[in-house]
Every structure is written in C-alpha cells, then in structure tokens.
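# Chain and residue survey
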Amino acid sequence: MDRNNRKTIRVGSRKSELALIQTKFVISQLKELNPEIEFEIVSMTTMGDRVLDKPLPKIGEKSLFTKDLEVALLSGTVDFIVHSLKDLPTVMEIGTTIGAVLKRDDPRDALVLREDCKEYQLDSLPSKSFIGTSSLRRTAQLKRKFPNLQVSDVRGNLNTRLKKLDNSNSTGDNTNTNYSGIILALAGIQRMGWEKRVSQIIDSDVMLYAVGQGALAVECRLGDDFILELLEPLHHYETVLQVVAERGFLTRLGGGCSAPVGIRSTVCLTKNVMSLDGAVWSLDGSEALQCSSSADLADKKVIQSHIDQYRGEDGEPPKKCPYKQPRQFVGVTPGKISYLDLDAALKLGTELAENLINKGALDIMNTAKDIIHSTIK
C-alpha cells in the first residue's frame, strides 16, 4: 500500500460521547498498525440525533443515524465512518461498503434501574412500573413476558436517557414519565465505563438482541483500495460470520426497524458450527414466531485450499485480491475471510428467515408496519 499519498485520514463520527469513544477506539487499533498515519475526527449530528420528540419508527426516515455521515463520505469530506453496526441498514448506500467489523462485545441488553428501585429485577418490579426504551423489539418482548409492566418511549443518547431516568422520582408528575428503569445495549454501557449502573444483564433466552448489536462497523467508499486495505486487519472472523448471518436474516424479512425483530447467533470454531435463533413479534407482543437453525462451517484445511486458489506462484494475492474487487455479503467486504464460510452464514440467515416467513412472519410484520404508518400523520 502506498502510504505516501495520504498521511492524514479523516474519520466521520456522530457527536455523542459514546460514538466518539467508539471512533477513538477504532483509531487506536489502526494507529497501532500504522503509526505513520494521522487520523482526524470529523463529528456531526444525524437525523436520529436531531429529532428527539418522536419514536424512531414514526420519524418516517431510513438511515436515521447514518445518512448525514454517508453524504460526507461520498462527497470525500471523510474517508471512513465508525458506526454501531445495529444502526447500519442491511441495504448499503450505493458506493459504500463495510470495510471492517471489529470483535463483538456482549450483544445482550441490560436493565438500568432508578436508585430507589435497585433491589428489583424485571420479574420482581412492582406492577405498572414504567420501563423506558426506544426499541420496538424490546417493547414487544417486554409486553409479552412481563405484561404487568408499562413500557414508555425514551429517546436520546445514553447520557440523555440516563438523565431522564435519574430525574424520575417515586411520586412522578403530570409532565414526565416516571421511569423505574430503562433498557439499553450492554455494550454501550460498558464502553462508557458505566458498568456499575447495570442492575440486570438480560439473558438472550429472555430477550433476543438486535441484528449487529454489540459490534462496531467501519464504512468506507467502495473501491477505495487504500482505505479497504487499511481496515482489513480489523475484521474479526467469528463476528463477521455472525453479522453476515444476522443481516442476511433481516434482509430476507424486509430489513429496517419498522417491526419487532430479534436475533441470537453463536459460532463454535472447535466444532465448525454456527447457530442462529430469530424471531418476530406483533407490536403488543401477543403474537410471536421464533425459529432456530445451524450450519456447518468449512474445515480449516478446506478454507486454506480455497484461499490458495486466489494466490499466484509467488504467494502474493493476484490483481483481483479480496479487498480490491470483492463480492459483498450484505454490505460487508470480506477481505481475507473465506467465501465458503460467508456463503454458509448468509445461507443460514436467509433460510431461517424463510422458515419464519412460511409460518406467517410477514403477516405479523406488515400488520405492525401498518399500525406504525397509520400513526405517523
């Protein structure tokens, strides 16, 4: 890679504290590998950051947390963007790709309770307690499994949502929801260093998580070989497989966040097996469909043989090397990861979605979308 041409790389990020922490972490990983390169953060707000008085599905826009950043990317204002992967649509903006998926942190959700409710958990909170969340997925699962609780929308970055919780009180008032607790992604809380605020880590048997939750993705321009080569070493093998399966699942269901959809994926490299659980719910949680499936991954000797097919006699990648003319897997440029396993992961996610569709998943999702759209105006 010719490093003389680009000494400073501009990195796009949302302005929130968590987004900047995540962006600085990615930069630190790249800096270790490329000490001669300088990185400059270009931060901005997105539609999802600016509109805080409506639930996310009712804003009526796609790419709520990514569009403004992608405009900057495609115009050349920034060279790559750091995202929470769960914010990235399964259909990427034309001309962009995911150049790296970093090792996934814990993808589960967490319950954060108000100080005077600390002794409780979800199954022991007093009846009619308010739980805050902006997620339809969490709302549907809460209503299904904890019907004695009340769920109320809460928007804003982590700092804002925690402030709303802390400003609640046991008596409540007529203007603000009296939250007993809020549900957040555990990975975000941990990255902020706020582990002590966690009252309960919600096991995935109780609450399936969002597609891509807990993973960081780096988006860049398709065909920017310099950046793609720079990012490729950050790819984490097991996480990429999980992400491809999960995004394949959501793509087949129709994508987006306008209906409650949840997932859980595991990769066991010692047995070369990947498993996936997926579900859809009605908005009130009264209807639910869930399926599980698994797939064999390629033996490592087979993978090495597959990789060797792409190398010349001198052992170097040929002109059509993985990061230059790649096949994308639900928006992910695979780098040096074997297409054999990526194909298996994508097939697993797609077929799991097909199983749910055959059981009536699209009817449930379409009803949820109709309800949401009817309330937008």
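Residues numbered from 1 in each chain as written. Predicted model: local features only at pLDDT ≥ 70, side-chain atom pairs only at ≥ 80, totals over all residues. Heavy atoms only, no water.

By the naming in an unreviewed UniProt entry, the protein chain is hydroxymethylbilane synthase, taken from Aphis gossypii. Per its UniProt entry, the protein chain bears the Pathway (unreviewed entry) comment "Porphyrin-containing compound metabolism; protoporphyrin-IX biosynthesis; coproporphyrinogen-III from 5-aminolevulinate: step 2/4." Here is the UniProt Sequence similarities (unreviewed entry) comment for the protein chain, exactly as written: "Belongs to the HMBS family." (UniProt positions renumbered as here; feature names shortened; annotations may be inferred.)

A word on the packing of helix 9 (residues 237-253) against helix 11 (residues 339-358). For any two helices packed against each other, one specifies the inter-axial angle together with the distance between the axes. Helix 11 packs onto helix 9 with a crossing angle of 35 degrees between their chain directions and a minimal axis gap of 7 Å. Crossing handedness for the pair helix 9 and helix 11: right-handed. Here Tyr-237, Val-240, Leu-241, Val-244, Ala-245, Gly-248, Phe-249, Arg-252 and Leu-253 of helix 9 lie close against helix 11, whose contacting residues are Asp-341, Leu-342, Ala-345, Leu-346, Gly-349, Thr-350, Leu-352, Ala-353, Glu-354, Leu-356 and Ile-357. Considering only residue class, the contact of helix 9 with helix 11 consists of 14 nonpolar, 3 polar and 3 charged. (Axes fitted to C-alpha atoms, helices over the stretch in contact; angles between N-to-C directions. Helix = DSSP H or I, 4+ residues; strand = E, 2+ residues; numbered from the N terminus. Left-handed = near helix turned anticlockwise from the far one by under 90°. Contact = heavy atoms within 4.5 Å. Nonpolar A, V, L, I, M, F, W, Y, C, P; charged D, E, K, R; others polar.)

Taken residue by residue, a regular strand's side chains alternate between the two faces of the sheet. Taking burial as the measure, the 5 residues of strand 3 (residues 80-84) include 5 buried ones, the bulk of the element. Side chains Phe-80, Val-82 and Ser-84 project from strand 3 onto one buried face, and the interleaved Ile-81 and His-83 project onto a second face that is buried too. In this structure, strand 1 (residues 8-14) lies alongside strand 3, joined through 2 bridges in parallel fashion. Residue pairing in the sheet places Gly-12 in a bridge with Ile-81 of strand 3. Summarising the sheet, strand 3 and strand 10 (residues 216-221) pair through 5 bridges and their orientation is antiparallel. Among the inter-strand pairings, Val-82 is bridged to a residue of strand 10, identified as Val-218. (Buried < 20%, exposed > 50% of the residue type's maximum accessible area, 1.4 Å probe, protein only. Pairing = 2+ DSSP bridges.)

The subject of this paragraph is the nonpolar core. Considering soluble globular proteins, one finds that nonpolar side chains tend to be buried as a cluster. Ranked by internal contacts, the top residues of the largest apolar core, which has 44 residues, are Leu-85, Ile-98, Val-101, Phe-249, Leu-253 and Leu-342. Broken down by secondary-structure element, the contributors of at least two residues to this core are strand 4 (96-101), helix 9, strand 11 (261-268), strand 12 (273-281), strand 13 (288-296), helix 11 and helix 12 (361-376). The greatest single-element share of this core, amounting to 9 residues, is contributed by helix 9. Those residues in contact with Phe-249, other than ones at most four positions away along the chain, are Val-261, Gly-262, Ile-263, Gly-278, Ala-279, Gly-349, Thr-350, Leu-352, Ala-353 and Leu-356. Ranked by size, the runner-up nonpolar core spans 20 residues in total, among them Val-11, Val-82, Phe-226 and Leu-228. (Core = buried A, V, L, I, M, F, W, Y, C linked by side-chain atoms within 4.5 Å.)

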